[in-house]
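Secondary and tertiary structure notes
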Amino acid sequence: MLPRLVPRQPLRLFRWQAACAQGASVQRRTWASRIPRLLGPWGPVGNSPPVCRRSSSTPAGSPEVALTQERYPVKRLPFSTPSEADLAAFERIIPGRVVTDTEVLAASNVDWLRTVRGCSRVLLRPRTSEEVAHILRYCHERNLAVNPQGGNTGMVGGSVPVFDEIILSTALMNQVISFHSVSGTLVCQAGCILEELSQYVEARGFVMPLDLGAKGSCHIGGNVATNAGGLRFLRYGSLHGTVLGLEVVLADGTVLNCLSALRKDNTGYDLKQLFIGSEGTLGVITAVSIQCPPKPRAVNVAFLEAARLLCPQPCSPCSRSLHLLHPCRALGGFFRSGSVHPCSLQLWSVWPRPPRPAPCPAMTPPPVPGRAEQALCPLRTRSLATAGCLHASPLGPKTPSAAQGCPGFAEVLQTFSTCKGLLGEILSAYEFMDAECMWLVRHHLHLTSPVQESPFYVLIETSGSRAEHDAEKLNDFLEQALRSGLVTDGTVATDQMKLKALWALRERISEALSWDGYVYKYDLSLPTDTLYDLVTDLRARLGSQAKHVVGYGHLGDGNLHLNVTSEAFSRSLLDALEPYVYEWTAGHRGSVSAEHGLGFKKKDALHYSKPPAALRLMQQLKALLDPKGILNPYKTLPAQA
């Protein structure tokens, strides 16, 4: 991860008012190019090639993003305005890395959702914490507001300016400082991209404790600054537990070096916790020390196409009995040793397929829309795993990932309870999504669902150290879930490409939503038994005002991602959503932000989740560490703070 070379920019101020009026038309690469297309039994399905897409909540050619100061009732605080003398001073501190080009700045002024836009005319790209300290010391003396920015993948407008704050980018602070191969302790600069860190530690037998859909763009410093949760929260917990130390530059340029690599340090206040989740309002994180768990070493994996598995062999009448084996199952012992399932050979190599006898009536599920010509395998007896045949993968260690269709949300909750009880320590993720989410990824991204249509879908991931042990536990869980009626259809993938394809259905929901129109996003923490009730309530409340109301998220840690789309921004729709969503959440003892933070959009909702005494203490901490309020102003704390 070498520093990226940045061309030297001319030190002149542009007529920025004109540039702002023209808007910010930019082309930005989305996460789509990093995730493979979903694979069917005969190869790629759908039409989703790796392309450079416009990061937009509306299709290309739509009106540009309105300025934040025009859309929201916010007033500029009395900060100084950057001058030619300021640019010259910054050029002395970081020669050749002071950016004033309007095209480059356009991308950094707009959030990736394209819902808020600032008017900054200066972007700084330091490489070291010392350079950051010099910059902040100068800005503190000149009373210049600063907007720290990492990968700019935030959901709440916290990473872009509101007015003309100076953008301080960590993009060039992308070096790994050290890695301990025994303890798994990684120390790196704040601008390292999460996916690149994952590749770095996985090559050394470890994994990052954090995984996000935006991993191809987000920076580890931004992850820590927002206390990002992500897809591995259920297994490894929050960054408050996995971050061992931080290096932070305060508003006046003081470098706070708490970059400890110790797991136990009980000396005084744990200062790093102040900055985890502070969203750049208390200090700029420049380096991170984080604990990486060992990479799972499971080698026995299950591949399932339950109820959808096509079996070319006719079934004998006796195979309908739970006590007698289907011909495929009779050879199960051989498949565990690594041989190829005869059904799989014909499934993957024969097309078109010859006609087959009708399946067992008692075992036949409802037909799959658009696939009536496909005969469904009648093998829905005692074990799902034997339908796909457990075997040792010749491709090395893999992590099983199962996607399933559940009849209703009550079944989703019951499936989770069963899952926790039977999978225990190997359960690493439990995600859910509703039918509208699946429709969106199919319609906008052309991904294909591997299971039948269902009101809800669940994605389960397990990871462990022994494949045979994990496969047996996963098989027991799936068998019980099917037998009890909690699951109606499912598939299990272990091949890396197919595993990523299943995860793409979940990770790319946010991208699909951005193509559906203007998106109103809510990241809520709620008791699991009432997690989906708000989605149902909002559909009834909004009616035709909303284009789509969808719910998905991390059920394992009670995190609902509630999203509402419309053709364009609507003040009346926003008024119908807020404060109703926050009041509903507070009334059910939830939190208005589970993992996205508060940023600019949610800062005035903080009182729904924190008492007045807590708000006062937060304001006092802000005043102590940033008395002039130059760090990421208009964010996190309510406007009156």
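How each quantity is defined
Residues numbered from 1 in each chain as written. Predicted model: local features only at pLDDT ≥ 70, side-chain atom pairs only at ≥ 80, totals over all residues. Heavy atoms only, no water. Helix = DSSP H or I, 4+ residues; strand = E, 2+ residues; numbered from the N terminus. Buried < 20%, exposed > 50% of the residue type's maximum accessible area, 1.4 Å probe, protein only. Contact = heavy atoms within 4.5 Å. Areas by Shrake-Rupley, 256 points an atom, 1.4 Å probe, with all protein chains shown as cover. Axes fitted to C-alpha atoms, helices over the stretch in contact; angles between N-to-C directions. Parallel < 35°, antiparallel > 145°, perpendicular 65-115°, else oblique. Left-handed = near helix turned anticlockwise from the far one by under 90°. Nonpolar A, V, L, I, M, F, W, Y, C, P; charged D, E, K, R; others polar. Polar contact = N/O pair within 3.5 Å; in protein donor to acceptor, adjacent residues only side chain to side chain. Pairing = 2+ DSSP bridges. Phe/Tyr/Trp six-rings, centres within 6.5 Å; stacked < 30°, edge-to-face > 60°. Lys NZ or Arg CZ within 6 Å of the ring centre and 35° of its normal. Salt bridge = Lys/Arg side-chain N within 4 Å of Asp/Glu carboxyl O. Patch = residues over 30% accessible without salt bridge, like charges linked within 9 Å, V, L, I, M, F, W, Y side chains within 5 Å. Expected span 1.5 Å × (residues − 1). Arc of directions from axis to C-beta.

Some words on the overall build of the chain
The helix and strand inventory of the chain stands at 23 helices and 21 strands. Evaluated residue by residue, the chain yields a buried proportion of 59% over its 641 residues. Partitioning the contacts of the chain with sequence separation of at least 6, the portion at a separation of at least 24 is 78%. Accessible surface, the chain as shown: approximately 26000 Å² in total, 55% of it carbon and sulfur.

So, the packing of helix H15 (residues 409-423) against helix H17 (residues 467-483)
Running from amino to carboxyl end, H15 crosses H17 at an angle of 150 degrees, the nearest separation of the two axes being 9 Å. Classified by the angle their axes make, H15 and H17 are roughly antiparallel. Seen along the crossing, H15 lies across H17 with a hand that is right-handed. Residue-level contacts link Thr415, Thr418, Cys419, Leu422 and Leu423 of H15 to Lys473, Leu474, Asp476, Phe477 and Gln480 of H17. The residue inventory of the contact of H15 with H17, partitioned by class, reads 5 nonpolar, 3 polar and 2 charged.

A closer look at the side chain of serine 159
On the secondary structure map, serine 159 appears in the loop between strand S5 (146-149) and strand S6 (166-169). At 2.6 Å, the side chain of serine 159 and the side chain of asparagine 152 are in polar contact. Once you skip the residues sitting within four places of it in the chain, serine 159 turns out to touch Asn147, Pro148, Gln149, Asn152 and Gly154.

Points about the sheet that holds strand S4 (residues 123-124)
Hydrogen bonds between backbone groups are what pair the strands of a sheet, and the pairing can be parallel or antiparallel. Taken in spatial order, the 4 strands make up an open sheet running S3-S4-S6-S5, and their pairing is mixed. Because the sheet does not close on itself, it has two edges, and the strands there are strand S3 (98-99) and S5. Sitting on the sheet, helix H4 (residues 102-109) is in contact with S3, S4, S5 and S6, with an inclination near 80 degrees to S6.

Topic: the packing of aromatic side chains
This model, assessed by the stated rule, comprises 16 aromatic pairs. Between the aromatic rings of phenylalanine 432 and tyrosine 532, the centroid separation amounts to 6.3 Å while the plane-to-plane angle is 75 degrees, which identifies the pairing as edge-to-face. Here tyrosine 532 lies in the loop between strand S19 (518-525) and helix H20 (533-542) and phenylalanine 432 lies in strand S16 (residues 427-434), a separation of 100 residues in the sequence. Each member of the pair phenylalanine 432 and tyrosine 532 is classed as buried. Aromatic rings pair up to connect Phe409, Phe432, Phe456 and Tyr532 into one cluster. Taking the ring centre of phenylalanine 569 as reference, the NZ or CZ of arginine 71 above it sits at 4.3 Å. Geometry around tyrosine 200 places arginine 204 over its ring, the cationic atom sitting 3.7 Å from the centre.

Considering the pattern of salt bridges
Under the criterion given, the structure shown has 18 salt bridges. With a shortest N-O distance of 2.9 Å, glutamate 131 and arginine 97 are connected by a salt bridge. Pair noted here: glutamate 131 is in helix H5 (residues 129-142) and arginine 97 is in the loop between helix H3 (84-93) and S3, with a separation of 34 residues, a long-range link. Accessibility expressed as a relative area gives 14% for glutamate 131, which makes it buried. Linking glutamate 578 and lysine 602 is a salt bridge whose minimum nitrogen-to-oxygen distance equals 4.0 Å. In this pair, glutamate 578 sits in the loop between helix H21 (571-577) and helix H22 (580-587) while lysine 602 sits in the loop between H22 and helix H23 (612-625), placing the two residues 24 residues apart along the sequence. Here glutamate 578 falls in the partly exposed class, since its relative accessible area comes to 24%.

Quick look at the packing of H20 against H22
Interaxial distance between H20 and H22 falls to 11 Å at its minimum, and their mutual angle equals 145 degrees. Crossing of H20 against H22: the hand is right-handed. Along its contact with H20, which presents Asp533, Leu534, Asp537, Leu538 and Arg541, the element H22 presents Tyr580, Val581, Trp584 and Thr585. Each residue belonging to the contact of H20 with H22 can be placed in one class, and the counts come to 5 nonpolar, 1 polar and 3 charged.

Regarding the sheet that holds strand S10 (residues 255-258)
Taken together, the 5 strands give an open sheet; going across it, the order is S7-S8-S11-S9-S10, and neighbouring strands pair in antiparallel fashion. Each of the sheet's edge strands pairs with one partner strand only, and the pair in question is strand S7 (176-179) and S10. If you compare each strand with its neighbour and ignore which way they point, the axes differ by 10 degrees on average. Examined bridge by bridge, S7 and strand S8 (residues 185-189) share 3 bridges and lie antiparallel to one another. Bridge pairing in S8 links valine 176 to cysteine 188. Of the strands in this sheet, strand S9 (243-249), S10 and strand S11 (284-291) touch H5, which is tilted by about 45 degrees from S9.

Considering a nonpolar patch on the surface
A surface patch of nonpolar side chains, about 340 Å² in accessible area, is lined by Tyr269, Leu271 and Leu274. Since its relative accessible area comes to 78%, tyrosine 269 is described here as exposed.

A word on helix H18 (residues 496-507)
With 12 residues, H18 should cover 16 Å at 1.5 Å per step; its first-to-last C-alpha distance of 16 Å lies within 8% of that length. Burial of H18 is extensive: 9 of the 12 residues sit out of reach of the surface. Taken together, the buried positions of H18 are occupied by Lys498, Leu499, Ala501, Leu502, Trp503, Ala504, Leu505, Arg506 and Glu507.

Observations concerning H22
Of the residues making up H22, those classed as buried are Val581, Tyr582, Trp584 and Thr585. Seen end-on, H22 carries its buried residues on one side only, within an arc spanning 160 degrees. One or two positions beyond H22, positive phi appears at arginine 589, with a value near 60 degrees.

Quick word on the environment of leucine 624
In this structure, leucine 624 sits in helix H23. Distance in space between the C-alpha atoms of leucine 624 and leucine 282 is 9.1 Å, their sequence separation being 342 residues.

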